[in-house]
Amino acid sequence: ERNLTARAAKTAILSDARSLTFGEVAAEVNQVANALRALDVRRGESVVLLALDSAEWVCAYFGIIKIGAVAASLNTLLTPAEYAYMLRDSGARVAIVGHQLLPRIQAIRQEAPDLRHVVAIGGESDPAAGVVSYGYWTAMQSTECEAAATHREDPCCLNYSSGTTGEPKGIVHAHQDLPLTAQLWGVDVLGLREEDRSFAVAKLFFTFGTGGNLIFPWYVGASVVLYPGPPRDSGQILGHIARHRPTIFYNAPTGYGMLLSLPDLTEAHDLSSLRLCVSAGESLPAPIWQAWKERTGLDIIDGIGSTENYHIFLSNRPGDIRPGSSGRPFDGYDLRIVDEDGRDVAPGELGTLLVRGETA
């Protein structure tokens, strides 16, 4: 909504399926928010969001947040049993689900006693199955909605991390974390600006995807390109770049390696719109960085982030890159590398990285 005064008519979302301006997004977000309130969703309650990347995902995400509920965005690659656990753990009474994933939720509804309402993105209403279509659900709602009076430390979003043993851990972030990380890394480190257009292979259910390809660009009034396809389909990814002309490209090291395996990467595909690339999720080997730079002329900004910290907390930056390194600390986070007794290790020694920041 910070964009409505200056750029309501500017395209906010580009995708093969739908493109929306900031004004159109704001209107649909309000319809989702009003539809959720009609289901008696209240502040602090989780609403599950399980769908492929789309304009509807984005509008649902902000509609949930606008009424003070918690957007619980789930990984689209999990099993019905894992979804059953997350539905029970979050206590969600409403799930907004892409039609491709609907069978996985319908199969375990008996195992999620709190779940009362299922909204299908891209599907038809099926009252007998307890499903209402997203289009029907939002169509009759007003495009005006007053935001809940949330506090900066109130719960905003919920992501499940499987980085430890046992069941996935639900990690809650506060409203403040989104603009904080947008400023601390998106603006101060990456240098995002209004004329940028971002495109991420990482999906929106990851904090890497939500931050890099939604929160950060919109924080500065930039546009986002959404891609619901598989992360290893080189043809679709390169076709998206050629069609939608992003300036910032987010991918994982394995993704850059996959694209580099194409013998005609730069000859047959138009990468001319890109000005900068970003890598996270795993260590970026120096040979991949060098090969990408030699073939495309583009720098890759590599960093480390985590779901617990919402996004990147240690990073290379434009003009200050050491290939094979994860970069330097930046303002907003305190970092130490310590031994088993909590003492700082000497340069060149291995240790455990401790991170402290306001977004954790």
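First things first, this report covers the structure right here in the doc.

**What to know about the sheet that holds strand β12 (residues 248-251)**
Right, so step 1: Strand order across the open sheet formed by nine strands is β2-β1-β11-β10-β12-β13-β14-β15-β16, with mixed pairing between neighbours. The open sheet is flanked by β2 (20-21) and β16 (328-329), the only strands paired with a single partner.
Right, so step 2: Relative to strand β13 (residues 276-279), β12 is paired through four bridges, and the arrangement is parallel. In the strand pairing of β13, I248 is matched with L276.
Right, so step 3: Along the sheet, helix α10 (residues 253-260) contacts β12, β13 and β14 (300-305); its crossing angle with β12, the most-contacted strand, is approximately 105 degrees.

**Quick notes on the environment of L184**
Right, so step 1: Relative to the helices and strands, L184 resides in helix α7 (residues 177-187).
Right, so step 2: With 147 residues separating them along the chain, L184 and D331 place their C-alpha atoms 6.8 Å apart.

**What about the packing of aromatic side chains?**
Right, so step 1: Evaluation of the coordinates by the stated rule reveals 13 aromatic pairs.
Right, so step 2: Ring plane angle 50 degrees and centroid distance 5.9 Å describe the contact between W185 and F216, whose orientation is recorded as tilted. Remark: F216 occurs in helix α8 (residues 207-219) and W185 occurs in helix α7; sequence separation between them is 31 residues.
Right, so step 3: Under the relative-accessibility criterion, W185 is labelled buried at 0%.
Right, so step 4: Aromatic pair F249 and Y256: ring centres 5.8 Å apart, planes at 80 degrees, arrangement edge-to-face.
Right, so step 5: Residue F249 is classed as buried on the basis of its relative accessible area of 0%.

**A look at the packing of α7 against α8**
Right, so step 1: α8 packs onto α7 with a crossing angle of 85 degrees between their chain directions and a minimal axis gap of 9 Å. Between α7 and α8, the crossing angle belongs to the class labelled roughly perpendicular. Residues L178, P179, T181, A182, Q183, W185, G186 and V187 of α7 form the contact with α8, whose participating residues are I215, F216 and Y219.
Right, so step 2: A class-by-class count of the residues in the contact of α7 with α8 yields eight nonpolar, three polar and no charged.

**Things to note about the pattern of salt bridges**
Right, so step 1: Using the criterion set out here, one finds 18 salt bridges in the structure.
Right, so step 2: R193 is the salt-bridge partner of E195, the closest N and O atoms lying 3.2 Å from each other.
Right, so step 3: Exposure remark for E195: the relative accessible area of 58% places this residue in the exposed category.
Right, so step 4: Among the salt bridges present, the one from R356 reaches D334, with a minimum N-O distance of 3.2 Å. Placement of R356 in strand β18 (residues 352-357) and of D334 in strand β17 (residues 333-338) is noted, with a sequence separation of 22 residues between them.
Right, so step 5: Judged by relative accessible area, R356 falls into the exposed class, the value being 59%.
Right, so step 6: Through salt bridges that share partners, R18, E28 and E56 make up one connected network.

**A word on the layout of surface pockets**
Right, so step 1: Quantified by volume, the largest pocket comes out at close to 1,100 Å³.
Right, so step 2: For the largest pocket, the lining is made up of 46 residues, of which A202, K203, F205, F206 and F208 are closest to its centre.
Right, so step 3: Elements supplying a minimum of two residues to the lining of the largest pocket: β8 (155-161), α8, α10 and β14.
Right, so step 4: It is β14 that contributes the most residues to the lining of the largest pocket, four residues altogether.
Right, so step 5: Among the residues making up the lining of the largest pocket, the classes are represented as 21 nonpolar, 20 polar and five charged.
Right, so step 6: The calculated volume of the second largest pocket comes to roughly 740 Å³.

**Describing the packing of helix α2 (residues 22-38) against helix α3 (residues 55-66)**
To describe two helices that pack against each other, one gives the angle between their axes and the distance between the axes.
Right, so step 1: Here α2 crosses α3 at 55 degrees, and the two axes come no closer than 8 Å. On the basis of the axis angle, α2 is oblique to α3. Two packed elements cross with a definite hand, and for α2 against α3 that hand is right-handed. Of the residues in α3, those in contact with V25, E28, V29, N30, V32, A33 and L36 of α2 are E56, C59, A60, F62, G63, I64 and K66.
Right, so step 2: Across the contact of α2 with α3, the residue classes break down as nine nonpolar, two polar and three charged.

Criteria and cut-off values
- Residues numbered from 1 in each chain as written.
- Predicted model: local features only at pLDDT ≥ 70, side-chain atom pairs only at ≥ 80, totals over all residues.
- Heavy atoms only, no water.
- Pairing = 2+ DSSP bridges.
- Helix = DSSP H or I, 4+ residues; strand = E, 2+ residues; numbered from the N terminus.
- Contact = heavy atoms within 4.5 Å.
- Axes fitted to C-alpha atoms, helices over the stretch in contact; angles between N-to-C directions.
- Phe/Tyr/Trp six-rings, centres within 6.5 Å; stacked < 30°, edge-to-face > 60°.
- Buried < 20%, exposed > 50% of the residue type's maximum accessible area, 1.4 Å probe, protein only.
- Parallel < 35°, antiparallel > 145°, perpendicular 65-115°, else oblique.
- Nonpolar A, V, L, I, M, F, W, Y, C, P; charged D, E, K, R; others polar.
- Salt bridge = Lys/Arg side-chain N within 4 Å of Asp/Glu carboxyl O.
- 1 Å grid on protein atoms, 1.4 Å probe; cavity = no way out; pocket = protein on both sides within 12 Å on 5 of 7 lines; lining within 4 Å.
- Points joined across faces, edges and corners; volume = space filled by probe spheres on them.
- Left-handed = near helix turned anticlockwise from the far one by under 90°.

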